[in-house]
Amino acid sequence: HVATGHQSALLELHFAELNKGLVDEHVQHPRLGEVNERGEEGGTVDPVLLARRQNRQRIRQDGAAHARHADGRDAAIPSGHEGPRPTGGVGGTRQGVKCLHAHYAAFLAGEQDPVGEWVHEQLNRVTYTVDLSSSMVRLSGDKLALDFPVIPNELLADASHDRPPHPIDLTNAIGEVSDLVDDALRTQNLARPSSSALNVIGETGTALARLETGSESATESSVDREVVEELFRMLATDGVTGRLDHPGLLKNDGDLLPSLCIVVAIVRRLNCGAVTFGQASGQ
């Protein structure tokens, strides 16, 4: 699987900026924002590029990958060799990321290379879209198509306005959606992806963007899986009245916990590491 020119440039730029520590977690980078994951002009940053916790950890681990690469390479050089000898680790560097192609080649050759593994995940990442509103849920992507027979308003229908929902009710709601996703994968003869991204669009997608950012004017928010789980826990520990009173929400947004149950179930079943709520203007 070979990266396109846009993909390759975007990956190289991302790691160059990571090494310099210049990427801000909540601000779209001016250069990264010029192309999206499909290589289209004027797109948004691939959400996974903003999941820096994981990537920074991999870069820290990369020093060990350089050492392993150097040890294996040097061991293969005949003891009587005379002349120039390679130095450094992957791609000739001793730390950080010099060339993603070299790291990916090392990973494909069987080496334990965390950066090469990351590149492999990006090139094979599946993207799904869930169109989510109070009266409709439609999931699509990678040949999967599912119109949910359940809508958010039917989940947690008996929720108390004053008390948080019972954990069993939350488990049942997420379980019901998870079963629907599993059934769709099975009947459509599709395998669960090892890594994917999720776009949550529709009126509820935009409302979730406002909830995550705390801004009434927000139209899009890119987060990782951990943030989705944090949002779910935040709403799940409050009654309906409290859930309606979060910064950024509009009066007509309603209770977003049932919708988050659906998103959480999809994220867990489809292994979504990156999630985008809402859509950028013009998309």
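Residues take numbers from 1 onward in each chain, read along the sequence in its written order. The model is predicted, so local features are restricted to residues of pLDDT at least 70 and side-chain atom pairs to those at 80 or more, both for listing and for counting; the totals for chains, interfaces and linings are taken over all residues. As a rule here, side-chain values cover all heavy atoms of the structure and leave hydrogens and water aside.

On to the overall build of the protein chain. Counting its regular elements, the protein chain contains 9 helices and 6 strands. The rule is simple: take the accessible area with a 1.4 Å probe, protein chains only, and divide by the maximum for that residue type; under 20% is buried, over 50% is exposed, in between is partly exposed. The 283 residues of the protein chain split such that 47% are buried. Counted over contacts in the protein chain with a minimum sequence separation of 6, partners at least 24 positions apart contribute 68%. Accessibility throughout is a Shrake-Rupley quantity obtained with a 1.4 Å probe, and a residue counts as covered only by protein chains that appear here. Working note: accessible area of the protein chain is about 14300 Å², and carbon and sulfur atoms make up 49% of it. In this description a helix means any DSSP run of H or I spanning at least four residues, a strand means any run of E spanning at least two, and both kinds are numbered starting from the N terminus. The contact rule is simple, with two residues in contact once any of their heavy atoms fall within 4.5 Å.

Our next topic: the packing of aromatic side chains. Classification of ring pairs rests on two measures: the distance between centres of Phe, Tyr or Trp rings, Trp counted by its six-membered ring, which must be within 6.5 Å, and the angle between planes, read as stacked under 30 degrees, edge-to-face over 60 and tilted in between. All chains considered together, the criterion is met by 1 aromatic pair. Centroid distance Tyr104 to Phe107: 6.4 Å. Interplanar angle 15 degrees. Geometry classified as stacked. Of this pair, Tyr104 and Phe107 are both found in helix 3 (residues 100-108), 3 residues apart, which corresponds to roughly one turn of the helix.

A few words now on the side chain of His246. Counting through the fold element by element, His246 comes out in the loop between helix 8 (240-243) and helix 9 (257-269). A relative accessible area of 18% means that His246 is categorised as buried. Beyond its immediate stretch of four places on either side in the chain, His246 contacts Leu211, Met234 and Leu235.

With that settled, the discussion passes to the packing of helix 3 against helix 4 (residues 114-123). Taken N-terminus to C-terminus, the directions of helix 3 and helix 4 make an angle of 95 degrees; their axes are 7 Å apart at the nearest point. Compared by their axis directions, helix 3 and helix 4 come out roughly perpendicular. Contact with helix 3, carried on its side by Leu100, His103, Tyr104, Phe107 and Leu108, involves Val115, Gly116, Glu117, Val119, His120 and Leu123 of helix 4 and no other residues of that element. Classification convention: Asp, Glu, Lys, Arg as charged; Ala, Val, Leu, Ile, Met, Phe, Trp, Tyr, Cys, Pro as nonpolar; all other residues, Gly among them, as polar. Its residues assigned to classes, the contact of helix 3 with helix 4 comprises 7 nonpolar, 3 polar and 1 charged. All axes are obtained by fitting lines to C-alpha atoms, using only the stretch in contact for helices, and the reported angles, taken between N-to-C directions, cover 0 to 180 degrees. Each angle gets one of four labels, with under 35 degrees taken as roughly parallel, over 145 as roughly antiparallel, 65 to 115 as roughly perpendicular, and the rest as oblique.

Before going further, it helps to examine unusual backbone geometry. Unusually for a residue other than glycine, Lys143 sits at a positive phi of about 75 degrees. As for its placement among the helices and strands, Lys143 is situated in the loop between strand 2 (137-141) and strand 3 (144-147). Take Lys143: its relative accessible area is 77%, and that puts it in the exposed class. The phi torsion at Asn189 lies on the positive side, around 55 degrees, for a residue other than glycine. With respect to the helices, strands and loops of the structure, Asn189 is situated in the loop between helix 5 (167-187) and strand 4 (196-201). Take Asn189: its relative accessible area is 70%, and that puts it in the exposed class.

In this section: the sheet that holds strand 5 (residues 220-224). Two strands pair if DSSP finds at least two bridges between them. One open sheet accounts for 6 strands, arranged 3-2-1-4-6-5; its pairing is mixed. Lying at the two open borders of the sheet, with one neighbouring strand each, are strand 3 and strand 5. On average, adjacent strands in this sheet sit at an angle of 15 degrees to one another, irrespective of strand direction. Looking at chain direction, strand 2 and strand 3 are connected through 4 bridges and run antiparallel. Bridge pairing in strand 3 places Ser140 opposite Ala145.

The next thing to look at is the nonpolar core. By nonpolar core is meant a set of buried Ala, Val, Leu, Ile, Met, Phe, Trp, Tyr and Cys residues that side-chain atoms within 4.5 Å join together. In terms of nonpolar packing, the biggest core is built from 48 residues, with Leu139, Phe148, Leu198, Val263 and Phe277 touching the most fellow members. The element contributing the most residues to this core is helix 9, with 9 residues. Residues Val97, Tyr104, Val115 and Trp118 belong to the second largest nonpolar core, which totals 7 residues.

With respect to the helices and strands, the residue Asp224 is situated in strand 5. Residue Asp224 is classed as buried on the basis of its relative accessible area, which comes to 14%. Two N or O atoms form a polar contact when they lie within 3.5 Å of each other; inside protein one atom must be a possible hydrogen donor and the other a possible acceptor, and for residues adjacent in sequence the pair counts only when both atoms belong to side chains. A distance of 3.1 Å separates a polar atom in the side chain of Asp224 from the backbone nitrogen of Val227.

For the rest of this paragraph, the subject is the confidence of the model for the protein chain. Along the chain, pLDDT gives the predictor's confidence residue by residue, from 0 to 100. Of all residues in the protein chain, 75% have pLDDT values of 70 or greater, and the mean over the chain is 78. Within the protein chain, the element-level pLDDT minimum falls on helix 1 (residues 5-20), averaging 46, and the maximum on helix 9, averaging 96. Note on residues 1-54: pLDDT is under 50 here. Beyond four places in sequence and across chains, it has 90 contacts.

Now for the pairing of strand 6 (residues 272-278). With 6 of its 7 residues buried, strand 6 lies for the most part within the structure. Where strand 4 and strand 6 come together, 5 bridges link them in parallel fashion. Residue Ser196 lies in a different strand from strand 6, and its bridge partner there is Cys272. Inspection of the sheet shows strand 5 paired to strand 6 by 5 bridges, in the antiparallel sense. Paired with Glu220 across the two strands is Gly278, which belongs to strand 6.

Take the number of residues in a helix, subtract one, and multiply by 1.5 Å to get its expected span. Across its 13 residues, helix 9 extends 18 Å between first and last C-alpha, which sits within 8% of the 18 Å expected from 1.5 Å per residue. With 11 of its 13 residues buried, helix 9 lies for the most part within the structure. Within helix 9, the full set of buried residues consists of Leu257, Pro258, Ser259, Leu260, Cys261, Ile262, Val263, Val264, Ala265, Ile266 and Val267. With its phi angle positive at about 55 degrees, Asn271 sits one or two positions after the end of helix 9.

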